Amino acid sequence: MEEKNVKILLADDDLEDRFIMQDAFNAINLPDVPLLVEDGEKVLQHMEQLSQDAGTLPSLIVLDLNMPRMSGTETLRELKNIPEYQDIPVIIFSSSMNVMEMHECRQLGALSYMVKPFTYEEYLVSAQHFYDFCLKKHSFPELSSLIQNFK
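Residues numbered from 1 in each chain as written. Predicted model: local features only at pLDDT ≥ 70, side-chain atom pairs only at ≥ 80, totals over all residues. Heavy atoms only, no water.

Re the packing of helix α3 (residues 72–80) against helix α4 (residues 99–108)
Where we set the bar: Geometry is summarised by axes, namely lines fitted to C-alpha atoms with helices restricted to the contacting stretch, and by angles between N-to-C directions that run from 0 to 180 degrees. Secondary structure is summarised from DSSP: a helix means a run of H or I of at least four residues, a strand means a run of E of at least two, and numbering begins at the N terminus for each. Orientation categories follow fixed angle ranges, with anything under 35 degrees roughly parallel, anything over 145 roughly antiparallel, 65 to 115 roughly perpendicular, and all other angles oblique. Should the near helix be turned anticlockwise from the far one by less than a right angle, the crossing is termed left-handed; should it be turned clockwise, right-handed. The contact rule is simple, with two residues in contact once any of their heavy atoms fall within 4.5 Å. For this classification, Asp, Glu, Lys and Arg are treated as charged, while Ala, Val, Leu, Ile, Met, Phe, Trp, Tyr, Cys and Pro are nonpolar and the rest, including Gly, are polar.
The N-to-C vectors of α3 and α4 enclose an angle of 15 degrees; their axes lie 9 Å apart at closest approach. Viewed along their axes, α3 and α4 adopt a mutual orientation that is roughly parallel. Between α3 and α4 lies a crossing of left-handed hand. For the pair α3 and α4, contact is made by Thr73, Leu76, Arg77 and Lys80 and by Glu104, Cys105 and Leu108, respectively. Within the contact of α3 with α4, the residues separate by chemical class into three nonpolar, one polar and three charged.

Dropping the structure here:
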């Protein structure tokens, strides 16, 4: 995979979180990697548009859980029901540490679950990890092992 082709679709209804994430990607010299949208409906619209335009599908989809109109869980369910998108890894990126939500996300096919950063430095690390994951240089803990840690 050529590095310039890495695209990460990130959905978060919080404008400040989107701004900080874009800023983090800018700071690590990857300003064009993330595509930030505000809800799950926009994720599905964007994916459909890419499919119609024969565009490059994202290497990774990152979903906030609590979004208006269509939650991260609902979006994940929809994405995994569309054969063309089933193999795109999805990471849940949430401030919630609800084990029930983690279980549900795992059952729906999420690769991993990440608690949102508290500091700007942690956002920088997250952005780099998302990118490195797309290049197969980083792996996220599987949801089943994360759930064990919260018990």
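Things to note about the UniProt feature "modified residue: 4-aspartylphosphate" (unreviewed entry) in the protein chain
Defined as follows: UniProt positions are given in the numbering used here, feature names are shortened, and annotations may be inferred rather than shown by experiment. Three labels apply to residues, based on accessible area from a 1.4 Å probe with only protein chains included: buried if under 20% of the type maximum, exposed if over 50%, partly exposed otherwise in between.
Per the UniProt annotation, the sites labelled "modified residue: 4-aspartylphosphate" (unreviewed entry) are Asp64. Relative to the helices and strands, Asp64 is located in the loop between β3 (60–63) and α3. For Asp64, a relative accessible area of 5% translates into the label buried. With near-sequence residues (within four places) excluded, Asp64 lies in contact with Ala11, Asp12, Asp13, Gly72, Phe93, Ser94 and Lys116.

Brief notes about the pairing of strand β1 (residues 8–11)
Put simply, the rule is: Here the rule is simple: two strands pair whenever DSSP picks up at least two bridges between them.
Burial along β1 is two-sided: the residues Ile8 and Leu10 and Leu9 and Ala11 are all buried. Sheet topology places β1 next to strand β2 (residues 34–37); four bridges connect them, and they run parallel. Following the sheet pairing, Leu9 is matched in β2 by Leu35.

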